[in-house]
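# Descriptive structure summary
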Amino acid sequence: MAVNRVPVLKRCRSLGLDPIYLGIDKKSTRQLKRANRKVSEYGLQLKEKQKAKFIYGVLEKPFRNYFARAQKLKYGTTGDNLMILLELRLDNVLFRLGYGRTRKESRQIVGHKHVLVNGKCVNIPSYQVKVGDVIEIKEKCKSAQRYKDILEVTDGRLVPEWLEADHENLSGVVKEIPTRAQIDVPVNEVLIVELYSK
């Protein structure tokens, strides 16, 4: 399995991204030493695509597949659909509910078979959740110290309106499909559409 091993803060600096969107509270003190070069239109489009891939932890081929699926969907624009598909990944939903400090940690929790979707064990981080799906941590894992520590860190994090979290039972419900306005990710998806439409 391919894994992105780029240092996170270094990548955030190069993409001009705040690490808080990844669930990381650290700030990089170093400044990017770059001449004031004019960035081409292609450069801007590529940067937006790299930003979306980096935030959601998706590599090139799966990302291209998400784009192809977003084009086929009947409702909404391709860009909005792409962001919604990425947002409805199981590892991202777990992160949004506050059961993972970062998306990478949520991905690991799913991979270790700690998550049930509608009572069935799912260990695929890219699993697409649907409206009405109940996501919960396995009964035997609920008492683990790990989840107490995670909840301590993520307690102040706002759960989006399209999700309903029950921190007592470590579970959550997908109430509705999120709209683009509810997705607080600093990505201009129009540029991604333009890039793939060439």
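Refer to the structure printed above.
The rules behind the values
- Residues numbered from 1 in each chain as written.
- Predicted model: local features only at pLDDT ≥ 70, side-chain atom pairs only at ≥ 80, totals over all residues.
- Heavy atoms only, no water.
- Buried < 20%, exposed > 50% of the residue type's maximum accessible area, 1.4 Å probe, protein only.
- Helix = DSSP H or I, 4+ residues; strand = E, 2+ residues; numbered from the N terminus.
- Pairing = 2+ DSSP bridges.
- Contact = heavy atoms within 4.5 Å.
- Patch = residues over 30% accessible without salt bridge, like charges linked within 9 Å, V, L, I, M, F, W, Y side chains within 5 Å.
- Areas by Shrake-Rupley, 256 points an atom, 1.4 Å probe, with all protein chains shown as cover.
- Salt bridge = Lys/Arg side-chain N within 4 Å of Asp/Glu carboxyl O.

The next subject is the pairing of strand β3 (residues 134–137). Going residue by residue along β3, you find Ile135 and Ile137 tucked away on one face and Val134 and Glu136 left uncovered on the opposite face. Direction of pairing for strand β1 (residues 115–117) relative to β3: antiparallel, over a ladder of 3 bridges. For Leu116, the partnering residue across the bridge sits in β3 and is Glu136. Relative to strand β5 (residues 171–174), β3 is paired through 3 bridges, and the arrangement is antiparallel.

Assignment of secondary structure puts Lys51 in helix α2 (residues 41–56). Residue classification places Lys51 among the buried positions, given a relative accessible area of 9%. Excluding its chain neighbours within four sequence positions, the residues that come into contact with Lys51 are Leu15, Leu17, Pro186 and Val187.

Glancing now at a nonpolar patch on the surface. Taken together, the side chains of Tyr75, Val131 and Ile177 present a nonpolar region at the surface, about 280 Å² in accessible area. Turning to its location among the elements, Ile177 is positioned in the loop between β5 and α9 (189–196).

Keep in mind that these numbers describe shape and distance, not what the molecule does.
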